[in-house]
Structure formats: C-alpha cells, structure tokens
Amino acid sequence: MDTRPSWDTYFMDIANQVARRTTCRRRAVGAVLVKEKRILSTGYNGVPQGIEHCLDRGCLREQMDIPSGQQHELCRGLHAEQNAVIQAAKHGICIDGATVYCTTQPCIICAKMLINAGISEIVFEHSYPDRLTEEMLAESGVATRRYDAG
C-alpha cells in the first residue's frame, strides 16, 4: 500500500507546520513557495524582525477593535505570503512561475503582491472570502484552488 502523501498534501502539511511559528494572537497562517516540486521559501504571519512580538505586547487590531478582513494596514505584523516573498527576495531566489501553498486564502493585499511577483498558482486550505481578491486573481490569470485533503 502506498502511504506517501501527494505533493499537495506534502506542501500543505509543511505550510501548516510553518504556521505554528506565528507570533500573531488572532490567526496562525503559513505559506510555502514551491517551484518544480522544490521549496523556495516559507513564511508565517508575524512582526518584522527585531520588533516585539504581538504575543508579548498584545494585538493592535484587538486593542482598536478592528474586525477581521478590514483595514489590513492597521497591524504590526506581516502576512505569511508577504514574509515568504520577502525571504525569497532577501536571499536572491527567483519565484516567478512558482506556486504558493497557504493555510488561508490570501487577502487582497497579498493577492496583488503575489500577482506582481509572478506566482502562477495559489493553493489554499481555509477560505478567507474576499470578492475583490477573487476578481483580481481571475483577471490576472493566476490559478487558484482550494486544497482538498480528501
């Protein structure tokens, strides 16, 4: 019996492990950039390096009573997708044509960034419905699909 996970399962399992490193009090998200079945970069949501973690300082969004999905710019942290792209850039890794595996569907800010970074496909596990995100990804030609653990 073949017990090896599919490539989707393999990379989504890794994204879920990466999410465990989060320093966000509200949501744990992980992202893995992959090309030709090779991991290029990973990222989780949290504050920039050298900044006090929200786990220690408290959540600005909670303090300001900002609902989920609104005013993304009012947060001390970066999203997992942003951190994965930044890490690739910092280390000189080309991600054009890559696939990103995300534990949560990207927000509009991350979707626009992924489009311009040349990401060809987004595979996500949990929905984070945003009509503008879905419209822009469809118009851009970036393939999106929900991961099915089946």
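Rules used in this analysis
- By convention here, each chain's residues receive numbers from 1 onward along its written sequence.
- Whole-chain, interface and lining totals are the exception, using all residues; otherwise, since this is a predicted model, local features are given only for residues with pLDDT of at least 70 and side-chain atom pairs are given and counted only at 80 or more.
- Here the side-chain values reflect all heavy atoms present in the structure, with hydrogen atoms and water set aside.
- Stacked, tilted and edge-to-face are the three classes assigned to paired rings of Phe, Tyr and Trp, where Trp is represented by its six-membered ring and a pair needs centres within 6.5 Å; plane angles under 30 degrees give stacked, over 60 edge-to-face, the rest tilted.
- Helix numbering and strand numbering both begin at the N terminus, where a helix is a DSSP run of H or I of at least 4 residues and a strand a DSSP run of E of at least 2.
- Under the scheme applied here, a residue whose accessible area is under 20% of the maximum for its type counts as buried, over 50% as exposed, and between as partly exposed, the area being computed with a 1.4 Å probe on protein chains only.
- Note on pairing: two strands pair once DSSP finds at least 2 bridges between them.
- Convention used here: a crossover is right-handed provided that the path from the first strand, over the helix, to the second strand proceeds clockwise when the strands point away from the viewer.

### Describing the packing of aromatic side chains
Then, number 1: Overall, the coordinates contain four aromatic pairs when judged by the stated rule.
Then, number 2: Ring geometry for tryptophan 7 and tyrosine 10: centres 5.8 Å apart, planes at 85°, overall edge-to-face. Here tyrosine 10 and tryptophan 7 lie together in helix H1 (residues 7-19), a separation of three residues that amounts to about one turn.
Then, number 3: Its relative accessible area of 38% is what places tryptophan 7 among the partly exposed residues.
Then, number 4: On the basis of relative accessibility, which here comes to 38%, the residue tyrosine 10 falls in the partly exposed class.
Then, number 5: Judged by centre distance (5.0 Å) and plane angle (65°), the ring pair of tyrosine 10 and phenylalanine 11 falls under edge-to-face.

### Concerning the pairing of strand S4 (residues 121-126)
Then, number 1: Pairing between strand S3 (residues 99-104) and S4: five bridges, direction parallel. Across the sheet, threonine 104 pairs through a bridge with histidine 126, a residue of S4.
Then, number 2: In this fold, the crossover linking S3 to S4 by way of helix H5 (residues 108-116) has right-handed handedness.
Then, number 3: Here four bridges tie S4 to strand S5 (residues 143-146), and the two strands are oriented parallel to one another. Following the sheet pairing, isoleucine 122 is matched in S5 by threonine 144.
Then, number 4: Each parallel crossover has a hand, and for S4 linked through helix H6 (residues 131-140) to S5 it is right-handed.

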